[in-house]
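If you want the building blocks of each chain, they are given just below.
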Amino acid sequence: AQSVTQLDSQVPVFEEAPVELRCNYSSSVSVYLFWYVQYPNQGLQLLLKYLSGSTLVKGINGFEAEFNKSQTSFHLRKPSVHISDTAEYFCAVSEFIGTALIFGKGTTLSVSS
Amino acid sequence: KAGVTQTPRYLIKTRGQQVTLSCSPISGHRSVSWYQQTPGQGLQFLFEYFSETQRNKGNFPGRFSGRQFSSSRSEMNVSTLELGDSALYLCASSLKPPGDTQYFGPGTRLTVL
């Protein structure tokens, strides 16, 4: 069965500092990988996705993630964060044969000045 | 192009009642998925519909049901509401599964008293 582990429930960081949000997954088959962001009282917005090809994926708002098959990881990074990046971030996987997204528990990113 | 819309945005019900939530996908999208988000369990997959057929179902009791109309609009119904059903219910639509980007609506906040 698939599962997603987001290793940090909360990540506090200062503005303009780099950040990495960690995500590990387990699956017996190939997967698609996603990062979503959720701002307070809103739905989920897709940041980036890995379907195949280059393991370094660039997304919106300056975020990027690297797919590492041997370590079954898909960590999200941003070189310099802004106050507006404060939100909840979710890593998710889905199998080729279905579309159900399996989400991690989420990481709360708090950016302060 | 209009995004995914969900109605109503907020709902208050009492235990034992039933509720119907509605989701209108992005124009042209034929796949609709539903998720439940709670502080304790996080985001959990409920079910997915494609061309009026349920393709996939999560691990929820039979009190949770759904359907999709020929217009691709979808409804989910929860009968005999329990306190634990209080959650944010998110709907997502995609053009073609699997692995295609799922676009989420703002959700319906259900409170069961």
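Residues numbered from 1 in each chain as written. Chains lettered and ligands numbered in written order. Predicted model: local features only at pLDDT ≥ 70, side-chain atom pairs only at ≥ 80, totals over all residues. Heavy atoms only, no water.

### Description of the overall build of chain B
Using the following cut-off: A run of DSSP states H or I qualifies as a helix once it reaches four residues; a run of E qualifies as a strand once it reaches two. Both are numbered from the N-terminal end. Here the globule rule is a power law, 2.2 Å times the number of residues to the power 0.38, and the radius of gyration is based on C-alpha atoms. The contact criterion used throughout is that any non-hydrogen atoms of two residues lie within 4.5 Å. In this count, Lys and Arg are taken as positive residues and Asp and Glu as negative ones, while His and the chain termini are left out. Charge positions come from single atoms, namely NZ of Lys, CZ of Arg, CG of Asp or CD of Glu.
When helices and strands are counted, chain B shows 0 helices and 11 strands. Scanning chain B from its N terminus toward the C terminus, one meets helices and strands in the order β-β-β-β-β-β-β-β-β-β-β. The globule rule puts the C-alpha radius of gyration for 113 residues at 13 Å, and the 13 Å found for chain B is close to it. If one aligns the C-alpha atoms of chain B with their principal axes, the spans along those axes are about 35 × 25 × 25 Å. Contacts in chain B between residues at least 24 apart in sequence constitute 54% of all its contacts with a sequence separation of at least 6. Computed over 12 positive and 6 negative side-chain charges, the separation of the two mean positions in chain B equals 4 Å.

### Describing the packing of aromatic side chains
Test applied: A pair of Phe, Tyr and Trp rings is counted when the ring centres sit within 6.5 Å of each other, with Trp represented by its six-membered ring. The angle between the planes then sorts it: under 30 degrees is stacked, over 60 is edge-to-face, the rest tilted. Burial classes follow relative accessibility: with a 1.4 Å probe on protein chains only, a residue under 20% of its type's maximum area counts as buried, one over 50% as exposed, and anything between as partly exposed.
Counting across every chain of the model gives 13 aromatic pairs over all chains. Centre to centre, the rings of Tyr36(A) and Phe104(B) are 5.2 Å apart; their planes meet at 80°, and the pair counts as edge-to-face. Placement of Tyr36(A) in strand E5 (residues 31-38) and of Phe104(B) in strand E10 (residues 103-104) is noted, with the two residues assigned to different chains. Assigned by exposure class, Tyr36(A) and Phe104(B) land together as buried. The structure contains a cluster of three or more aromatic residues connected by ring pairs, namely Phe34(A), Tyr36(A), Phe90(A), Phe103(A), Tyr35(B), Phe45(B) and Phe104(B).

### Points about the state of the cysteines
Residue and element names in this part refer to chain B. In plain terms, the rule: Our working definition of a disulfide is a cysteine sulfur pair at a distance within 2.5 Å.
Enumeration over the complete set of coordinates arrives at 2 disulfides over all chains. Across a sulfur-sulfur distance of 1.7 Å, cysteine 23 and cysteine 91 are joined as a disulfide pair. Taking the sign of the torsion about the S-S bond as the criterion, the disulfide between cysteine 23 and cysteine 91, at about -55°, is left-handed. Of this pair, cysteine 23 sits in strand E3 (residues 19-24) while cysteine 91 sits in strand E9 (residues 87-94); the two residues are 68 residues apart in sequence, bridging distant segments of the chain. For cysteine 91, a relative accessible area of 0% gives the class buried.

All quantities given are derived from atomic positions and should not be read as evidence of function.
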